[in-house]
Amino acid sequence: VVVYSWRYFDEPPEAHAGTFPALLLLFEAGMVGFALTGDLFDAFVFFELMGAVAYALTGYRIEDPRPVQGALVFGVVNSLGAYCSLLGIGLVYARTGELGFAQIGVQLARHRADALLSVAFVLIVTGLLVKAAVVPLHFWLPDAHSVAPTPVCMLLSGVMVELGVYGTARVYWVVFSGPHGIAHA
């Protein structure tokens, strides 16, 4: 994406020169942090860093109102998903007192699955799947892709969607799939 988007570096708008490369680097920092962290709350923070930068990149061409409207829809829908994740993380923390993936998994292995854990799992995964644009949680995708610059579309489809699915798998397999965890579907 960096190589493909190099022309955006050569022709920055005068009003915000250098903004695109800086936003691209912030997106990459969030991506790496999300993939490497071992903490559920830190994963949320890094994923939201990616999301906030993706909103800004989607509305990068602010001289046209359509990108701003697409970025706004993208931001609102993804923020609702983020609130779901944050609520789920709070429920897991209230039950276990831990935020590390492995530590939560160990604590949950000692408890029987109950409604609270099921709700927490659904809330956390909902936030991740909204960012992954999984049907039926993909409402933001057409608005964002139709107005975003091509390199940003590549980031959204090539990175954010896959990281949402990766995060879902990681949360399930490391945290909730223990002996008394959420049952396999």
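Chemist: Tell me about the overall build of the protein, and please be specific about residues and values.
Modeler: Along the backbone of the protein there are eight helices and zero strands. Starting at the N terminus and walking to the C terminus, you meet the elements of the protein as α-α-α-α-α-α-α-α. For the protein, the C-alpha radius of gyration of 18 Å lies close to 16 Å, the compact-globule estimate for 185 residues. Here the protein holds 185 residues, and 44% of them are scored as buried. Across the protein, the fraction of contacts at a sequence separation of at least 24, relative to all contacts at a separation of at least 6, is 70%. Total accessible area on the protein stands at roughly 9000 Å², and carbon and sulfur atoms take up 69% of it. The averaged location of the 13 negative side-chain charges in the protein is 11 Å from the averaged location of its 8 positive side-chain charges.

Chemist: Hey, could you go over the side chain of S85 for me, with residue numbers and the actual values?
Modeler: The topology assignment puts S85 in helix α4 (residues 65-96). The class for S85 is buried, based on a relative accessible area of 6%. Once residues within four sequence positions are removed from consideration, S85 is found in contact with F44, L123, I124, G127 and L128.

Chemist: For helix α2 (residues 19-36), give the residues involved together with the corresponding values.
Modeler: With 18 residues, α2 extends 26 Å from end C-alpha to end C-alpha; this agrees with the ideal 26 Å at 1.5 Å per step. Looking only at α2, the buried set comprises F20, L23, L24, F27, G30, G33 and F34.

Chemist: So what about a nonpolar patch on the surface? Which residues, and what values?
Modeler: A surface patch of nonpolar side chains, amounting to about 440 Å² of accessible area, comprises L72, V76, L80 and Y83. Residue placement: L72 occurs in helix α4.

Chemist: Just give me the short version of the pattern of salt bridges, but keep the residues and values in it.
Modeler: Inspection of every chain in the model, using the stated rule, returns three salt bridges. E48 serves as the salt-bridge partner of K131, at 3.4 Å between the closest nitrogen and oxygen. A residue pair is termed long-range when its members are at least 10 positions apart, and K131 in helix α6 (residues 115-131) and E48 in helix α3 (residues 40-58) qualify at 83 residues. Across the pair R66 and D64 runs a salt bridge whose closest N-O atoms are separated by 3.0 Å. A relative accessible area of 24% places D64 in the partly exposed class.

Chemist: Could you give an account of the environment of V174, with specific residues and numbers?
Modeler: Here V174 is to be found in helix α8 (residues 150-176). Classification of V174 as partly exposed rests on a relative accessible area of 38%. Sequence-wise, V174 and Q103 are 71 residues apart; in three dimensions their C-alpha atoms are separated by 9.4 Å. Contacts of V174, omitting those with residues within four sequence positions, involve F101, A102 and G105.

Chemist: Account for the packing of α3 against α6, naming residues and giving values.
Modeler: Relative to each other, α3 and α6 sit at 30°, their axes nearing to 12 Å. With respect to each other, α3 and α6 are oriented roughly parallel. For α3 against α6, the interelement crossing comes out left-handed. Contact residues: L40, F47, E48, G51 and Y55 in α3; I124, L128 and K131 in α6.

Thresholds applied
Every chain is numbered independently, its residues counted from 1 as its sequence is written. Totals for whole chains, interfaces and linings use all residues, but because this is a predicted model, local features are given only for residues with pLDDT of at least 70 and pairs of side-chain atoms are given and counted only at 80 or more. Only heavy atoms go into the side-chain values, all of them from the structure, while hydrogens and water stay out. Secondary structure elements follow DSSP: runs of H or I no shorter than four residues count as helices, runs of E no shorter than two count as strands, and numbering proceeds from the N terminus. Our radius of gyration looks at C-alpha atoms and nothing else; its globule reference is 2.2 Å times the residue count to the power 0.38. Exposure classes here rest on a 1.4 Å probe applied to the protein chains alone. A residue is buried below 20% of its type maximum, exposed above 50%, and partly exposed in between. Contacts: residue pairs with any heavy atoms within 4.5 Å of one another. Only the protein chains shown count as cover for residues, and the accessible areas themselves come from Shrake-Rupley with a 1.4 Å probe. For the purpose of counting charges, residues Lys and Arg are taken to be positive, whereas Asp and Glu are taken to be negative. His and the chain ends are not included. Where a charge lies is defined by one atom per residue type: Lys uses NZ, Arg uses CZ, Asp uses CG and Glu uses CD. To estimate how far a helix should extend, the number of its residues minus one is multiplied by 1.5 Å. The patches described consist of residues with a relative accessible area above 30% and no salt bridge, like charges being joined within 9 Å and nonpolar side chains (Val, Leu, Ile, Met, Phe, Trp, Tyr) within 5 Å. Salt bridge criterion: a side-chain nitrogen from Lys or Arg within 4 Å of a carboxyl oxygen from Asp or Glu. To obtain each axis, a line is fitted to C-alpha atoms, and for helices this fit is confined to the stretch in contact; angles are then taken between N-to-C directions over 0 to 180 degrees. Angle categories: roughly parallel below 35 degrees, roughly antiparallel above 145, roughly perpendicular from 65 to 115, and oblique for all the rest. Crossing handedness is read from the near helix: turned anticlockwise from the far helix by less than a right angle, it gives a left-handed crossing, and turned clockwise, a right-handed one.

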